[in-house]
Amino acid sequence: MVMPLEVFFHELEVAGKITTAMFCILFAGYFWNHRRNADLKSTRMVLLGQGLFVLCFGMTRLLFLAADYFSPELPEDVVLFVDESLFFLLWKISALVGILAIIFLLLVVETYLVKSRYIFSIIAASGLIIALVSQDVNFSRWTTYITMPLALLGVVILYFYLFFKSSGEIRRRAIMSILGLLIFGLGVLLDTTAGKATLTQILGFFPAFIPLFIMVGGLAIYTYYNVKT
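Quantities reported herein were computed from a predicted structural model and do not represent experimental measurements.

J.: Help me understand the overall build of the protein chain in this model?
T.: What the protein chain contains, in helices and strands, is eight helices and zero strands. Counting helices and strands in the order they occur from the N terminus, the protein chain gives α-α-α-α-α-α-α-α. Relative to its length of 229 residues, the protein chain is compact, with a C-alpha radius of gyration of 18 Å against a globular reference of 17 Å. Taking the principal axes of its C-alpha atoms as reference, the protein chain extends roughly 60 × 35 × 35 Å. Looking at the protein chain residue by residue over its 229 residues, the buried ones come to 48%. Counting only contacts in the protein chain whose residues sit at least 6 apart along the sequence, the fraction spanning at least 24 positions is 70%. Here the protein chain displays about 11,800 Å² of accessible surface, and carbon together with sulfur accounts for 70% of that area.

Listed below in structure tokens is the structure:
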């Protein structure tokens, strides 16, 4: 029996999400191990937030994967059974963890690196509340499509501010953090339902596991330049 092509690529996506989660756990471990040797409380808190950011993001991949198995939007060959209520519940939990990931990062950056009155943290938290309260999955999706890029853009803006206000190693870490976050953000946008659908329509075919590799690459750059001594 030959495996249908769409099932084969879905299984590659499943493997990619699991691998992404494993890398995120590894990256979080690097942050928290580096935190053990930090002398300043501010440094320890920043490393804690950065670790929570990558760990929570990894968990979203697993939660979205779980939601897919009950999705009414995927072919029958790749779902366990269709249950819209369970799918929406798991999707909301995934969105909750995903936005919390960025909130954790924003909070430590806005508290210990750049004082900005928590403007971007409030934007992210507002989007999170709207997405969770809404009973329309499409409206919730578009809320996260707007909120997450804005929140991530906020992190990038704060790092740009840090870049222009600092010098030496701090400045170098800031610019490499920006690079890593931009690559990560590109992967996140491509991994959305709208992103994959648009690229499939334009290109005729788009392997869904490609954005996962882009995200891991961005997080690897961000992690390396924030834990190296």
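J.: Even after reading the chapter, I still don't get the pattern of salt bridges, so can you show me in this structure?
T.: A side chain of one charge can pair with a side chain of the opposite charge if their charged atoms are brought near each other. One pass over the full model with this rule turns up six salt bridges. Across the salt bridge formed by K17 and D68, the nearest N and O atoms sit 3.1 Å from each other. Of this pair, K17 sits in helix 1 (residues 5–36) while D68 sits in helix 2 (residues 41–68), placing them 51 residues apart in sequence. On the basis of relative accessible area, K17 is assigned to the buried category, the value being 4%.

J.: Would you mind showing me how to read a nonpolar patch on the surface here?
T.: A contiguous nonpolar patch, built from I119, I123, I146, L150, L153 and I157 and spanning about 510 Å² of accessible area, is present on the exposed surface. The element that contributes the greatest number of residues to the nonpolar patch is helix 5 (residues 137–165), accounting for four residues. Mapped onto the elements of the fold, I119 is located in helix 4 (residues 119–133). Overall, I119 belongs to the partly exposed group, its relative accessible area being 47%.

J.: How do you make sense of the layout of surface pockets when you look at a structure like this?
T.: Where empty space is left becomes clear once a probe the size of a water molecule has been rolled over the atoms. Put simply, the largest pocket is a space of about 950 Å³. The wall of the largest pocket is formed by 36 residues, among which E13, D191, T192, T193 and K196 lie closest to the centre. Taken together, the elements giving at least two residues each to the lining of the largest pocket come down to helix 1, helix 2, helix 3 (84–113), helix 5, helix 6 (168–190) and helix 7 (193–203). Broken down by class, the residue content of the lining of the largest pocket amounts to 20 nonpolar, seven polar and nine charged. Of the volumes computed, that of the second largest pocket is approximately 350 Å³.

J.: When you look at helix 4 in this model, what are you seeing that I'm missing?
T.: For an α-helix the count is 3.6 residues per turn, leaving residues at separations of three or four pointing the same way. For helix 4, which comprises 15 residues, the first-to-last C-alpha distance of 21 Å matches the rise-based estimate of 21 Å (1.5 Å per residue) to within 8%. For helix 4, the complete set of buried residues consists of F120, S121, A124, G127, L128 and A131. Taken around the axis of helix 4, the buried residues stretch over an arc of 130°, which confines them to a single face. Of the exposed residues in helix 4, the ones pointing more than 90 degrees away from its buried face are I122, I129 and V133. Residues of helix 4 that are buried make contact with helix 3 and helix 5.

J.: Hey, could you run me through the packing of aromatic side chains in this one?
T.: In this description, a pair of aromatic rings is defined by centroid distance and the angle of the planes. For the structure shown, the criterion picks out 14 aromatic pairs. Aromatic pair F57 and F184: ring centres 4.7 Å apart, planes at 80°, arrangement edge-to-face. A residue pair is termed long-range when its members are at least 10 positions apart, and F57 in helix 2 and F184 in helix 6 qualify at 127 residues. According to the relative accessible area criterion, F57 is buried, its value standing at 3%. With a centroid separation of 6.3 Å and 20° between ring planes, the pair formed by F160 and F164 is classed as stacked.

What counts and how
Residues numbered from 1 in each chain as written. Predicted model: local features only at pLDDT ≥ 70, side-chain atom pairs only at ≥ 80, totals over all residues. Heavy atoms only, no water. Helix = DSSP H or I, 4+ residues; strand = E, 2+ residues; numbered from the N terminus. Rg over C-alpha atoms; globule rule 2.2 N^0.38 Å. Buried < 20%, exposed > 50% of the residue type's maximum accessible area, 1.4 Å probe, protein only. Contact = heavy atoms within 4.5 Å. Areas by Shrake-Rupley, 256 points an atom, 1.4 Å probe, with all protein chains shown as cover. Salt bridge = Lys/Arg side-chain N within 4 Å of Asp/Glu carboxyl O. Patch = residues over 30% accessible without salt bridge, like charges linked within 9 Å, V, L, I, M, F, W, Y side chains within 5 Å. 1 Å grid on protein atoms, 1.4 Å probe; cavity = no way out; pocket = protein on both sides within 12 Å on 5 of 7 lines; lining within 4 Å. Points joined across faces, edges and corners; volume = space filled by probe spheres on them. Nonpolar A, V, L, I, M, F, W, Y, C, P; charged D, E, K, R; others polar. Expected span 1.5 Å × (residues − 1). Arc of directions from axis to C-beta. Phe/Tyr/Trp six-rings, centres within 6.5 Å; stacked < 30°, edge-to-face > 60°.

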